[in-house]
Amino acid sequence: MIEIDKHQTKALTAQDKQFLETRFWESKKDFKLHLIIFIIIWLISPYLRSLSGNDPLVEEMSYPLALAIMSIFFIGYLGYYYYRGLYQVKQALKTDFKIVLHSIVVKKKNAPIFHRSEFRLELTNIEFKYHYFPLTLMNDFPQGQLLYLEMSGAGKQLLEIRNA
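Anyway, here's the lowdown on the structure attached to this text. Quick caveat: nothing in here was measured; it's all calculated off a predicted structure. (Residues numbered from 1 in each chain as written. Predicted model: local features only at pLDDT ≥ 70, side-chain atom pairs only at ≥ 80, totals over all residues. Heavy atoms only, no water.)

1. A closer look at a nonpolar patch on the surface
Reasoning step 1: A contiguous nonpolar surface patch, about 400 Å² in accessible area, is contributed by Leu 35, Ile 39, Leu 43, Ile 44 and Leu 48.
Reasoning step 2: Following the sequence through the fold, Ile 44 ends up in helix α1 (residues 14–44). (Patch = residues over 30% accessible without salt bridge, like charges linked within 9 Å, V, L, I, M, F, W, Y side chains within 5 Å. Areas by Shrake-Rupley, 256 points an atom, 1.4 Å probe, with all protein chains shown as cover. Salt bridge = Lys/Arg side-chain N within 4 Å of Asp/Glu carboxyl O. Helix = DSSP H or I, 4+ residues; strand = E, 2+ residues; numbered from the N terminus.)

Here's what the structure looks like:
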């Protein structure tokens, strides 16, 4: 009998390592692109007017001070993106095991706020509760379905998912 939400550990295969390395290099390229875009926006942001029609920050204070104020928002977002995109994949590459578990789909949410091209699966497992997938896979995992999941030992990177 299959035990739901009970973790089993297995060794990472060479294919899993290759998958994680590919994901790491893609995440690294994405982060560099985000960094360049945000530096450009950060440098011109003191000159932009707000939506309410207020004067730009540079008219109320010096340019370096306006950059310092705007950097709070940009550094916060880039830090979050670095953690979700690069750090977790890097942690997954450092481990030599993966976690195998069976879990049930509790709920599906179509097009959450920040993931318009994805949908969210909510699982019964506490550690791996939410996962985002492309909308093309929405009908593959119906509510109440038992799923077979393989996750990296650290970093919570999904290696494989299929119906059990």
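Picking up where we left off.
2. Thoughts on the packing of aromatic side chains
Reasoning step 1: Inspection of every chain in the model, using the stated rule, returns 8 aromatic pairs.
Reasoning step 2: Aromatic side chains Phe 31 and Tyr 81 sit 6.2 Å apart centroid to centroid with 10° between the ring planes, which places their arrangement in the stacked category. Here Tyr 81 lies in helix α3 (residues 63–94) and Phe 31 lies in helix α1, a separation of 50 residues in the sequence.
Reasoning step 3: Their ring planes at 20° and their centres at 6.4 Å tell us that Tyr 77 and Tyr 81 sit as a pair that is stacked. You can see Tyr 77 and its partner Tyr 81 sitting in helix α3, 4 residues apart, about one turn around the helix.
Reasoning step 4: Overall, the relative accessible area of 37% leaves Tyr 77 in the partly exposed class.
Reasoning step 5: Put simply, the rings of Phe 31, Phe 38, Phe 74, Tyr 77, Tyr 81 and Tyr 82 touch in pairs and so form one group of aromatic residues. (Phe/Tyr/Trp six-rings, centres within 6.5 Å; stacked < 30°, edge-to-face > 60°. Buried < 20%, exposed > 50% of the residue type's maximum accessible area, 1.4 Å probe, protein only.)

3. Looking at the pattern of salt bridges
Reasoning step 1: This model, assessed by the stated rule, comprises 5 salt bridges.
Reasoning step 2: Note that Asp 16 is salt-bridged to Lys 98, the shortest N-O span being 2.9 Å. With Asp 16 in helix α1 and Lys 98 in strand β2 (residues 97–110), the pair connects residues that are 82 residues apart, well separated along the chain. Side by side, Asp 16 and Lys 98 carry an identical accessibility label, which is buried.
Reasoning step 3: Two residues, Arg 162 and Glu 160, come together in a salt bridge whose shortest N-O distance is 2.4 Å.
Reasoning step 4: A single salt-bridge network, built from bridges that share partners, covers Asp 16, Lys 98 and Glu 150.

4. Thoughts on the pairing of strand β5 (residues 146–152)
Reasoning step 1: Counted residue by residue, β5 has 6 buried out of 7 residues, so it is predominantly covered.
Reasoning step 2: In this sheet, strand β6 (residues 158–163) lies alongside β5 in antiparallel orientation, the contact comprising 5 bridges. Bridging from a neighbouring strand, Leu 147 pairs with Asn 163 of β6.
Reasoning step 3: Hairpin connection of β5 to β6: 5 residues between the antiparallel strands, including Gly 155 at a positive phi of 85°. (Pairing = 2+ DSSP bridges.)

5. Description of the nonpolar core
Reasoning step 1: If you look at the biggest cluster of nonpolar residues, it comprises 14 residues, and the most contacted ones within it are Val 105, Phe 119, Leu 121, Phe 141 and Leu 147.
Reasoning step 2: At the level of elements, β2, β3 (118–123) and β5 are the ones that each hand at least two residues to this core.
Reasoning step 3: Setting aside residues no more than four positions away along its own chain, Leu 147 makes contact with Leu 101, His 102, Ser 103, Val 105, Leu 121, Leu 123, Phe 141, Ile 161, Arg 162, Asn 163 and Ala 164.
Reasoning step 4: By size, the runner-up hydrophobic cluster in this structure holds 8 residues, among which are Phe 31, Met 70, Leu 78 and Val 89. (Core = buried A, V, L, I, M, F, W, Y, C linked by side-chain atoms within 4.5 Å. Contact = heavy atoms within 4.5 Å.)

6. Describing α3
Reasoning step 1: The sharpest bend along α3 comes to roughly 40°, located at Tyr 83.
Reasoning step 2: Taken together, the buried positions of α3 are Ala 66, Leu 67, Met 70, Ser 71, Phe 74, Leu 78, Gly 85, Leu 86, Gln 88, Val 89 and Ala 92.
Reasoning step 3: The elements touched by buried residues of α3 are α1, α2 (57–60) and β5. (Bend = angle between axes of the 7 residues up to and from the residue.)

7. Notes on α1
Reasoning step 1: The end-to-end C-alpha distance of α1, which contains 31 residues, comes to 45 Å, matching closely the 45 Å that a straight helix rising 1.5 Å per residue would cover.
Reasoning step 2: When α1 is considered as a whole, its buried residues turn out to be Asp 16, Leu 20, Phe 24, Ser 27, Phe 31 and Phe 38.
Reasoning step 3: Of the surrounding elements, those touching the buried residues of α1 are α3, β2, β5 and β6. (Expected span 1.5 Å × (residues − 1).)

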